[in-house]
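If you want the building blocks of each chain, they are given just below.
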Amino acid sequence: MENIIIIGSSGHARVIIDIVEKQGQYNIIGMVDSFCPISQEIFGYKILGTEQALPQIMEEKKVSGGIIAIGDNFVRSKMYAKIHEIVPQFAFVTAMHPKANIARGVMIQGGTVVMAGVTINPCCRIGKCCILNTNASLDHDSMMADFSSLAPNAATGGNVTIGAFSAIGIGATLIHGIQIGEHSIIGAGATVLKNIESFSVAYGVPAKVVRTRQAGEKYL
């Protein structure tokens, strides 16, 4: 099995560790985190250093790549850029829970996390470093752009487009053909019946845009 490393050590990282272990495709050799002391352990895996130590860690431990375990879409993208600058050859792998249902014709780029109970129906396209959280559902011919996310129990109809960096909240529903712009947030439990423009915050039943937002604005 390939040796990989987990970037980050939060609760989200613990979920990813569990997925990777159950997936049985990669061997986790440790974690890197700028905010935790070296040798601290998470589920038996030690913090080996910060991102700056990645070149040395990868050489010593024969690591080919790994996964960014950061829940915030924008922060995850910044870490992606930082790692790419430090170690251009770093391979971002996909963590896919064995109890996820992935249909034919689905394309998933590296760094994406697919959690337990997720359903991805035929011919969906999912960009790099996305998150499909527990029991989320992405219906046929839908597209998630880079660094976007579906929270637990979020569901879409078919032919939906979710823009880069956008986050669909817990239990939200997007009807068939909806387009969500970039850097937008759909609140928990919302029902989206109309397209949502970029840089918007929308919630309610039916969902309405309540304000605009800036790229990188906290939402978790």
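Not measured: the values here are computed from a predicted model.

A description of the pattern of salt bridges should follow, citing residues and the corresponding values.
What the rule picks out here adds up to three salt bridges. Two residues, Arg211 and Glu217, come together in a salt bridge whose shortest N-O distance is 2.8 Å. You can call Arg211 partly exposed: its relative accessible area is 41%.

Explain the sheet that holds strand β3 (residues 41-42) to me, using residue names and the numbers behind them.
The strand order across the open sheet built from six strands is β3-β4-β2-β1-β5-β6, with neighbouring strands paired in mixed fashion. The sheet is open, and its two edges are formed by β3 and β6 (91-92), each paired on a single side. Pairing geometry for strand β2 (residues 26-32) and strand β4 (residues 45-49), over two bridges, is parallel. Pairing of Val32 across the sheet is with Gly49, part of β4. Its contacts with the sheet put helix α2 (residues 54-61) on β1 (2-7), β2, β4 and β5 (63-68), and the angle it makes with β5 is roughly 130°. Sitting on the sheet, helix α3 (residues 73-86) touches β1, β5 and β6, and the angle it makes with β5 is about 165°.

Residues and numbers for the environment of Gly49, please.
Along the chain, Gly49 turns up in strand β4. In this structure, the C-alpha to C-alpha distance between Gly49 and Pro37, residues twelve residues apart in sequence, is 7.8 Å. Setting aside its immediate chain neighbours within four residues, Gly49 contacts Met31, Val32, Asp33, Ile38 and Ile57.

Which residues make up the pairing of β1, and what are the values?
With five of six residues buried, β1 lies mostly within the body of the structure. Sheet topology note: the β1/β2 ladder contains six bridges and is parallel. What sits directly across from Ile6, in β2, is Met31. Regarding the hand of the β-α-β motif, the stretch spanning β1, helix α1 (residues 11-23) and β2 is right-handed. One ladder, built from five bridges, connects β1 with β5; its direction is parallel. Each residue of the ladder has a partner; that of Asn3, found in β5, is Val63.

Describe in detail the nonpolar core, supporting the description with residues and values.
Within soluble globular proteins, side chains that are nonpolar generally end up buried alongside one another. By size, the foremost hydrophobic cluster in this structure holds 27 residues, and its most contacted members are Ile120, Leu150, Ile168 and Ile186. In this structure, Leu150 is in contact with Ile131, Leu132, Asn133, Ala136, Ser137, Leu138, Met144, Thr156, Ile162 and Ile168, ignoring residues within four places of it in sequence.

Can you break down the sheet that holds strand β12 (residues 125-126) residue by residue, with the values?
Strands sit in the order β9-β12-β15-β18-β21 across an open sheet of five strands; the sheet is parallel. The open sheet terminates on both sides in strands that have one partner only, identified here as β9 (107-108) and β21 (179-180). As paired strands, strand β15 (residues 143-144) and strand β18 (residues 161-162) are joined by two bridges and run parallel to one another. Bridging across to β18, Met144 finds its partner in Ile162.

Just give me the short version of the side chain of Thr156, but keep the residues and values in it.
Its place among the elements puts Thr156 in strand β17 (residues 155-156). At a separation of 3.1 Å, a polar atom in the side chain of Thr156 contacts the main-chain amide nitrogen of Asp139.

Basis of the calculations
Residues numbered from 1 in each chain as written. Predicted model: local features only at pLDDT ≥ 70, side-chain atom pairs only at ≥ 80, totals over all residues. Heavy atoms only, no water. Salt bridge = Lys/Arg side-chain N within 4 Å of Asp/Glu carboxyl O. Buried < 20%, exposed > 50% of the residue type's maximum accessible area, 1.4 Å probe, protein only. Pairing = 2+ DSSP bridges. Helix = DSSP H or I, 4+ residues; strand = E, 2+ residues; numbered from the N terminus. Contact = heavy atoms within 4.5 Å. Axes fitted to C-alpha atoms, helices over the stretch in contact; angles between N-to-C directions. Right-handed = clockwise from strand over helix to strand, strands pointing away. Core = buried A, V, L, I, M, F, W, Y, C linked by side-chain atoms within 4.5 Å. Polar contact = N/O pair within 3.5 Å; in protein donor to acceptor, adjacent residues only side chain to side chain.

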